[in-house]
Amino acid sequence: MNRFFAPICGLVLLVALSACGSGASGETLVVRNGVLIDGTGAAPIPNAVVVIKDGLITAVGAESEVEIPGGATVVDADGGAILPGLIDTHTHNLTPLNIEDGEVTAIGARAYLIGPLEAGVTAFRDVGSSFGESRDLGELRAALDSRRYGVPAVVLTGPILAAPESIAVLRFSDQSMAVEDPQSAVEAVNRLLDEGVDQIKILLDTEMSNISTLPTPSLTEEQVQAIVTAAHERGVWVVAHVSTESEAWMAVDSGVDELTHWPGEEALSDDLIEQLVADDISVGTTFSIVFPHEGDVRRLLDAGGRIVLSSDAPGTMSPSRITGEMALMIRAGMTPMEVLLASTAHAADVLGLGAVLGTLEAGKQADLLVVAGDPLADIGALSEVVWVIKGGEVVFEFGAEE
C-alpha cells in the first residue's frame, strides 16, 4: 500500500509466532496434494506444496518444482484448496473477554478466540473495545500471548473516539471514548497509543441506523483532523466509521487511512471513487449492515480501489458469519478471487501485517487453511475448513479419522 506506516512489530498480538522472531518448533511441516491459491492474485497452482519450518514458509509451488524434505510431517490436502488464513478487519470480539489469574477464562477463549480460528480466521482486528481505556491492555496482551498457538493474531484499536453525546458513547461507554474538542482529541490519541493500541478508530456516523432511529452527533472536521495528525505523527493508522458519502468526504479530506462500513446505499460520486483510489484508502465491507448501490463495488474495483473483508462480528464468530459476508461481496459484484484478496493480502495490509501475513510466500508466517472444494468456483467452500495451521502448527484438523 502507498502508505508511510511501518508494519507493527512487537506491538500487534501475533499470538502464534512473533512477527519479528522465532518460529513455533524445529519440525518441518509439509502441506501437499492441493490447489494453491496463494493470496497474491496469481493463477491457482494444482498439485502444490507448501514447506514450513520454524513457523515460516520456506518453499511454495508445484510439487514437481519443490523438494519435500525427508522426515517432514505431511498434511494431505486431498485435492482441496490451500490458501492463506482469513483476516477479518472489523470485529468486536475482545470486550466480552474476562481475565482471571493472568489468563483468559476458558469460556471467553472458546467463544471469542478459538471460534474465529475454527472458522479459518487466523487474524482479526478488534475495532472498538474497552481494552486500552478501562481495562489493563498489557494484561490482555500477556494473557493472549500465554496461550501461544491457540488463538488468532489480534490488532487492537481500543475504544472508538466519538462525540460526547453520540449513541456510541451513551449506549456503549465501555467501547468508546468521548472527545470534547481538538485538544482532548490529541490527548485521547496519545493516551491510547501510550497504553498500547495498534491503530485508532473514529466514529463519523450520524445515523447509526442499526442501533437507533434518531440522528446522533458526530466529531467535527477540526476534531478529526486533530486526531489524524496526532496519530500520523506517531506513525499510526486511522480508520473511520462512516455511513454516508458526506461522512466519507470528511474522513478523506482529513487524511484518514481507511473507511470501515460502506459509505451509504446511494450511488457514490465519481469524485469520491477517484479520491479513494488516488489516496489509496481501503474500504471495509460490512455489507450485512449497509449494502452498496448496484454497480458501485465494481466501479471502485475497476478504478483501482481496494476493498477488505469486514464482518462486524459482535463477539462470537461462526463460519457462517464469514461466508455470509463473502456471499454478499459476490452479490455486490466481486469475483471469488477478489473476495479472497480482500480477505487475505489486502486485509493484512490495512492491519499493518502485510510483510508477515496474507499470502503464502517464502519468508511469510505459516498461517494457512485447507478447505474442501474450490472457493474460486463457490465461495461457500470456505465453510468447509479441513485444516487450520497457525504459525506452522496444526491447530485444527476437522473430520480426521479416529
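Residues numbered from 1 in each chain as written. Predicted model: local features only at pLDDT ≥ 70, side-chain atom pairs only at ≥ 80, totals over all residues. Heavy atoms only, no water.

J.: Would you explain the nonpolar core in this entry?
T.: The tendency in soluble globular proteins is for nonpolar side chains to be buried side by side. One finds L161, I200, I202 and L259 to be the most contacted residues of the largest nonpolar core, which totals 81 residues. Tallying contributions element by element places helix α5 (residues 221-233) first for this core, with six residues. L259 has contacts with V239, A240, V242, A248, A251, L276, I281, S282, V283 and G284, leaving out every residue within four places of it along the chain. Within the second largest apolar cluster, 16 residues are counted, among which are V50, A77, I82 and V370. (Core = buried A, V, L, I, M, F, W, Y, C linked by side-chain atoms within 4.5 Å. Buried < 20%, exposed > 50% of the residue type's maximum accessible area, 1.4 Å probe, protein only. Helix = DSSP H or I, 4+ residues; strand = E, 2+ residues; numbered from the N terminus. Contact = heavy atoms within 4.5 Å.)

J.: Would you mind going over a negative patch on the surface with me for this structure?
T.: A surface patch of negative charge is lined by E165, E180, D181, E187 and E222. With respect to the helices and strands, E222 occurs in helix α5. Among the residues examined, E222 registers a relative accessible area of 55% and is labelled exposed. (Patch = residues over 30% accessible without salt bridge, like charges linked within 9 Å, V, L, I, M, F, W, Y side chains within 5 Å. Areas by Shrake-Rupley, 256 points an atom, 1.4 Å probe, with all protein chains shown as cover. Salt bridge = Lys/Arg side-chain N within 4 Å of Asp/Glu carboxyl O. Lys, Arg positive; Asp, Glu negative; His and termini not counted. Charge placed at Lys NZ, Arg CZ, Asp CG, Glu CD.)

J.: Help me out: how do you make sense of the pairing of strand β9 (residues 121-126) in this one?
T.: Every regular strand shows the same layout, with side chains that alternate between the two sheet faces. Among the six residues of β9, six are classified as buried, and the element is accordingly described as predominantly covered. With four bridges connecting them, strand β6 (residues 86-91) and β9 associate as parallel partners. Of the residues in β9, the one forming a bridge with I87 is A123. Summarising the sheet, β9 and strand β10 (residues 153-156) pair through four bridges and their orientation is parallel. (Pairing = 2+ DSSP bridges.)

J.: Please clarify how helix α6 (residues 245-254) should be interpreted in this entry.
T.: One turn of the α-helix equals 3.6 residues, which is why residues spaced by three or four share an orientation. Among all positions of α6, only E245, E247, A248, A251, V252 and S254 are buried. Next to the buried residues of α6 lie α5, β14 (238-241), β15 (258-260) and α7 (270-278).

J.: What is the right way to look at the side chain of R306 in this model?
T.: Mapped onto the elements of the fold, R306 is located in the loop between α8 (296-302) and β17 (307-308). Accessibility expressed as a relative area gives 18% for R306, which makes it buried. A polar atom in the side chain of R306 sits 3.3 Å from the side chain of D349. (Polar contact = N/O pair within 3.5 Å; in protein donor to acceptor, adjacent residues only side chain to side chain.)

J.: I'm lost on empty space enclosed by the protein in this one. Help?
T.: Regions of empty space are outlined by a rolling probe, equal in size to a water molecule, passed over the atoms. Under the counting rule described, the total for this entry stands at one cavity of 30 Å³ or more. Roughly 50 Å³ of volume is contained in the largest cavity. Taken together, P84, G85, I87, T122, L357, G358, T359, L360, Q365 and D367 form the lining of the largest cavity. In terms of residue class, the lining of the largest cavity is built from four nonpolar, five polar and one charged. (1 Å grid on protein atoms, 1.4 Å probe; cavity = no way out; pocket = protein on both sides within 12 Å on 5 of 7 lines; lining within 4 Å. Points joined across faces, edges and corners; volume = space filled by probe spheres on them. Nonpolar A, V, L, I, M, F, W, Y, C, P; charged D, E, K, R; others polar.)

J.: Help me understand the sheet that holds β6 in this model?
T.: Taking strand neighbours across the sheet as the criterion, the three strands line up as β6-β9-β10 in an open arrangement whose pairing is parallel. Two strands in the sheet have a free side with no partner beyond their single neighbour: β6 and β10. With strand direction ignored, the average angle separating the axes of adjacent strands in the sheet is 15°. (Axes fitted to C-alpha atoms, helices over the stretch in contact; angles between N-to-C directions.)

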